[in-house]
Amino acid sequence: MRRREFLGIGGMTLAGAALSPASVRAQAPKRGGTLTLRLWDPPHFDPYLHVSYKTHIVYSFTHSRLVKYKSGPSVVPGTFALEGDLAESWSQPDETTYVFKLRRGVRWHRKPPVNGRELTAEDVVYSVDRFRTIKGNASMLKPLDRVEAIDRHAVRFTLKEPYAWFLDMLASPMAVCIVARECVEKFGDLRSPEATVGTGPWMFESYRPNVGMTLVRSPNYFVAGLPYIDRVEAFVDEDNASRMAAFLGGKYDLGWENPGTIDRIDWVQIKDNLRRRRPDLQTTEFPSNVMTNLSMRTDKVPFSDVRVRRAMSMAIDRSAIVNATLEGIGVMNPAVPAGLKEWSIPLDQVGEGGRYLRYDPAAAKKLLAEAGYPRGFPATIDFATYVRPSWSIRSSWSSSI
């Protein structure tokens with residue numbers, strides 16, 4: 001299936017427009033200072049036992065991966081170019097084999113129980129194998145057959161079948177960060193904050209439950225001269241009004257939503273006041289790659305009938321949702337969200353499938369009648385809000401289509 005054919009199938013998604021402080025490109029970076037931001041209280045600190053952004057964001061400061069998504073002022077929001085992290089380079093001899101050459105001289109943080117020893121290929125093998133053996137993680141690397149150390153600084157991955165997303169899975173902040181065997185053996189797992197010892201740019205210093213945490217610059221980070229920032233102070237604040245007031249007052253250097261953004265519904269309330277109180281703060285607007293979607297059990301009636309799914313899509317007024325929840329600035333998506341600039345195609349270019357993304361109640365009713373539901377059917381939607389202010393539904397609701 002060609003790329004445009006895939007995208008032409010369509011999907012029921014929306015993406016909000018996010019606001020985030022922009023980089024000041026004209027200034028040369030300077031060493032020192034503290035970055036303050038609003039994060040969350042993690043359920044625990046083991047990134048393999050719980051797929052939670054509250055934990056994984058912390059690990060993005062303290063740990064490294066084989067590859068990562070490129071970042072910095074030159075990166076256009078919505079693009080995800082890959083670059084080496086622990087991997088100095090990599091090659092793909094065939095469709096199911098990847099070989100990574102590791103940077104030499106990478107050292108773990110100078111903290112017990114690892115105490116600054118050099119990272120080796122065995123650390124990568126151990127991390128990947130541990131990740132795969134924990135229930136719930138296997139699907140992310142399901143096509144992987146085995147991983148093995150070729151020598152002290154080279155690792156080979158062998159897949160069962162070609163997998164286009166393999167490198168993206170290795171780069172994902174929600175997947176395989178490289179952890180130390182010593183930490184797991186000492187603590188039994190990585191739930192304890194004391195077990196958070198990595199090879200990343202910052203070291204974990206302290207954790208205050210439901211209050212915040214402190215990270216400090218790693219003096220032996222493998223990228224010379226980095227990081228520039230000496231400390232990262234993260235605060236826990238679950239009240240949106242409190243977070244907004246703190247940001248206006250200068251407590252947070254970045255927006256308080258994930259990742260460092262401000263929701264449109266909040267932005268329209270504070271933008272004028274913010275310009276007066278923090279005139280030097282720079283912002284940029286871009287479509288978020290975080291989307292809202294509706295998933296169905298297509299192995300069960302009535303959703304196993306494609307006509308029902310198409311009818312549901314045509315019964316949704318996406319423009320009304322954008323106007324009601326995103327101040328009219330949200331972006332309507334095809335199957336791949338508009339925030340992913342390199343892959344997404346505008347709705348007017350997706351082809352035949354695009355008609356199912358347009359609001360058309362009459363056509364929806366006709367499709368339902370053809371599927372055997374002329375009077376509609378009852379259905380229950382389970383909705384998770386993540387306590388975002390722009391989403392007003394707070395639990396599950398039932399409706400009839």
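Residues numbered from 1 in each chain as written. Predicted model: local features only at pLDDT ≥ 70, side-chain atom pairs only at ≥ 80, totals over all residues. Heavy atoms only, no water.

Concerning the sheet that holds strand E2 (residues 34-39)
The condition that has to hold: Pairing between strands is defined by DSSP: at least two bridges between them are needed. Only DSSP runs of H or I covering at least 4 residues are called helices, and only runs of E covering at least 2 are called strands; the numbering of each starts at the N terminus. What counts as an axis is a line fitted to C-alpha atoms, over the stretch in contact for a helix, and the angles between N-to-C directions run from 0 to 180 degrees. Contact between two residues is taken to exist if any of their heavy atoms lie within 4.5 Å; hydrogens are not considered.
As summarised here, the arrangement of the four strands in space is E2-E11-E10-E9, forming an open sheet in which the pairing is mixed. Whereas interior strands pair on both sides, the edge strands pair on one side only; in this sheet they are E2 and strand E9 (202-208). Strand-to-strand twist across the sheet, computed as the mean angle between neighbouring axes with direction ignored, equals 20°. Sheet topology note: the E2/strand E11 (residues 231-236) ladder contains six bridges and is parallel. Each residue of the ladder has a partner; that of Leu-37, found in E11, is Ala-234. Lying on the sheet, helix H2 (residues 53-62) is in contact with E2, E9, strand E10 (212-217) and E11; it crosses E9 at an angle near 140°.

Thoughts on the nonpolar core
Going by this rule: Note on terminology: a nonpolar core comprises buried Ala, Val, Leu, Ile, Met, Phe, Trp, Tyr and Cys residues joined through side-chain atoms within 4.5 Å. Only protein chains enter the calculation, and the probe is 1.4 Å; a residue is then buried if its accessible area is under 20% of its type maximum, exposed if over 50%, and partly exposed in between.
Counting residues in hydrophobic clusters, the biggest one holds 46 residues, and the most contacted among them are Phe-100, Leu-141, Phe-157 and Phe-166. Broken down by secondary-structure element, the contributors of at least two residues to this core are strand E6 (97-102), helix H3 (121-133), strand E7 (144-151), strand E8 (154-159), helix H4 (166-171) and helix H5 (181-187). Element by element, the count of residues in this core is highest for H3, at six residues. Discounting residues that sit within four places of it in the chain, Leu-141 has contacts with Val-128, Phe-131, Arg-132, Phe-166, Met-169, Leu-170 and Val-176.

Details of the confidence of the model for the protein chain
Let me state the cut-off plainly: The pLDDT value expresses, per residue, how confident the predictor is, ranging between 0 and 100.
Residues of the protein chain with pLDDT of at least 70 account for 88%, and the chain-wide mean is 86. Note on residues 1-17: pLDDT under 50 across the span, and 69 contacts to partners over four residues away in sequence or across chains. Long-range and interchain partners of residues 392-401, a stretch whose pLDDT sits below 50, account for 25 contacts in this model, where long-range means more than four residues apart.

Re the packing of aromatic side chains
Definition in use: Aromatic rings from Phe, Tyr and Trp, with only the six-membered ring used for Trp, were paired whenever their centres fell within 6.5 Å, and each pair was classed as stacked if the ring planes differed by under 30 degrees, edge-to-face if by over 60, and tilted otherwise. For a Lys NZ or an Arg CZ to count as sitting over a ring, it must be within 6 Å of the ring centre and within 35 degrees of the ring normal.
Scanning all chains against the criterion turns up 16 aromatic pairs. Consider the rings of Phe-303 and Phe-377, whose centres lie 5.9 Å apart with planes at 75°: the pair is edge-to-face. One end of the pair, Phe-303, is in the loop between strand E12 (283-293) and helix H8 (306-314); the other, Phe-377, is in the loop between helix H10 (361-370) and strand E14 (378-381), and 74 residues separate them in sequence. The residues Phe-303 and Phe-377 share a single accessibility class, namely buried. Taken together, the ring pairs in this structure connect Trp-90, Tyr-98, Phe-100, Phe-157 and Phe-166 into an aromatic cluster. For Lys-251, the ring lying beneath its charged end belongs to Phe-235, and the centroid distance is 4.4 Å.

Quick look at the packing of helix H6 (residues 240-248) against helix H7 (residues 264-277)
Stated formally: Geometric relationships in this document are graded by angle, where less than 35 degrees denotes roughly parallel, more than 145 denotes roughly antiparallel, 65 to 115 denotes roughly perpendicular, and other angles denote oblique. Crossings are assigned a handedness: left-handed for a near helix turned anticlockwise from the far helix by less than a right angle, right-handed for a clockwise turn. Asp, Glu, Lys and Arg are counted as charged, while Ala, Val, Leu, Ile, Met, Phe, Trp, Tyr, Cys and Pro are counted as nonpolar; the rest, among them Gly, fall into the polar class.
Where H6 meets H7, the axes come as close as 10 Å, and the angle between the chain directions of the two elements is 25°. In terms of axis orientation, H6 runs roughly parallel to H7. The two elements H6 and H7 cross, and the hand of that crossing is right-handed. Contacts between H6 and H7 involve Asn-240, Met-244, Phe-247 and Leu-248 on the former and, on the latter, Asp-266, Ile-270, Asn-273, Leu-274 and Arg-277. Looking at the contact of H6 with H7 residue by residue, the class counts come to five nonpolar, two polar and two charged.

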